[in-house]
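# Geometric and topological summary
One letter stands for each residue in the lines below.
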Amino acid sequence: MAHPRSPFRSCGALAAALTVVLLYALGALLAWDFQLAELWAAEDGVIEWTQVALLCGAFALGARRLFGLVANGRPAAPDLLLTFLFGALLIGELDLDYRLFGISVLDSRFFRRPTVWLPYKLLAALVIGGAHLAVAAYAVRHKDQLWREARRLTAEPWGHLLLAGAAIFGFVQLFERRLNHWLLLPRNFLEESLELMAAFYFLLAMVARTFFSSEPSDRRQHFS
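Residues numbered from 1 in each chain as written. Predicted model: local features only at pLDDT ≥ 70, side-chain atom pairs only at ≥ 80, totals over all residues. Heavy atoms only, no water.

### Overview of the nonpolar core
Core analysis: the largest hydrophobic core is formed by 33 residues, its most contacted members being Phe86, Leu161, Leu162, Phe189 and Phe202. The element contributing the most residues to this core is helix α11 (residues 189–211), with 12 residues. Every residue in contact with Phe202, bar those within four places of it in the chain, is listed here: Leu55, Ala58, Phe86, Leu89, Leu162, Gly165, Ala166 and Phe169. The next biggest cluster of nonpolar side chains, apart from the first, holds eight residues, and it includes Leu66, Ala77, Leu80 and Leu146. (Core = buried A, V, L, I, M, F, W, Y, C linked by side-chain atoms within 4.5 Å. Buried < 20%, exposed > 50% of the residue type's maximum accessible area, 1.4 Å probe, protein only. Helix = DSSP H or I, 4+ residues; strand = E, 2+ residues; numbered from the N terminus. Contact = heavy atoms within 4.5 Å.)

### Some words on the side chain of Glu149
Inspection of the secondary structure assignment puts Glu149 in helix α8 (residues 143–150). Apart from the residues within four sequence positions on either side, Glu149 is in contact with Pro78, Trp158 and Arg209.

### Overview of the pattern of salt bridges
What the rule picks out here adds up to five salt bridges. Across the salt bridge formed by Arg65 and Asp79, the nearest N and O atoms sit 2.8 Å from each other. Of this pair, Arg65 sits in helix α3 (residues 46–71) while Asp79 sits in helix α4 (residues 77–94); the two residues are 14 residues apart in sequence, bridging distant segments of the chain. Here Arg65 and Asp79 have matching classes, each one buried. When salt bridges that share partners are traced, they join Arg65, Asp79, Glu149, Arg152, Glu156 and Arg209 into one network. (Salt bridge = Lys/Arg side-chain N within 4 Å of Asp/Glu carboxyl O.)

### Re the side chain of Glu191
For Glu191, the position within the fold is in helix α11. Among buried Asp, Glu, Lys and Arg side chains, Glu191 stands out as unpaired, with Arg187 the closest opposite charge at 7.5 Å. Contacts of Glu191, omitting those with residues within four sequence positions, involve Val172, Glu176, Leu179 and Asn180. (Lys, Arg positive; Asp, Glu negative; His and termini not counted.)

### Some details on a nonpolar patch on the surface
Where nonpolar side chains cluster on the molecular surface, the patch consists of Leu39, Trp40 and Val46 and spans about 270 Å² of accessible area. Note that Val46 resides in helix α3. On the basis of relative accessibility, which here comes to 39%, the residue Val46 falls in the partly exposed class. (Patch = residues over 30% accessible without salt bridge, like charges linked within 9 Å, V, L, I, M, F, W, Y side chains within 5 Å. Areas by Shrake-Rupley, 256 points an atom, 1.4 Å probe, with all protein chains shown as cover.)

So, in structure tokens, the structure goes:
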């Protein structure tokens, strides 16, 4: 009697197939029209906005799962951390601070710039500093939950996908300037394509976590 495929294998096969499709699409774009590929890879281009859409999906799934766990009084620290992470990546990808102020709010020059209204500086310090401190304090308080979940990263499909996305994204951040000088590719194409791949894996990770992963087993802990 044939045994049904496990969710692990099904999810892994789907991720592999979609990865091939994405790579083929990027390669086909590059071969078909070099100038179009350069246009799509430019700032505010199609590839960047596709990254935004994928990160929005990951954030939405994370928030959906987080609120569901909170409503049921289930352990939610790992999902809070993941949702916060995707939210931060999404804001960074949108460059909201550059669009509003022409400079990153994480840059110390933002707080020294006289053209930036003082209440904006105070609000930025409160929101950025307060949010990070609150999440860090909550994570420390519930470090046991985070440790148990961290050990599942190598055991479940969502963990593999999340680690793959994080590795690709981290690689891009470390070698961002050098990537644009590798190979005979349009400017930003390799960088943006890798970030697109990372965002794609983040979304797949949250799909797998939401629909193929078991709930936290410790029912005695509550979101508090």
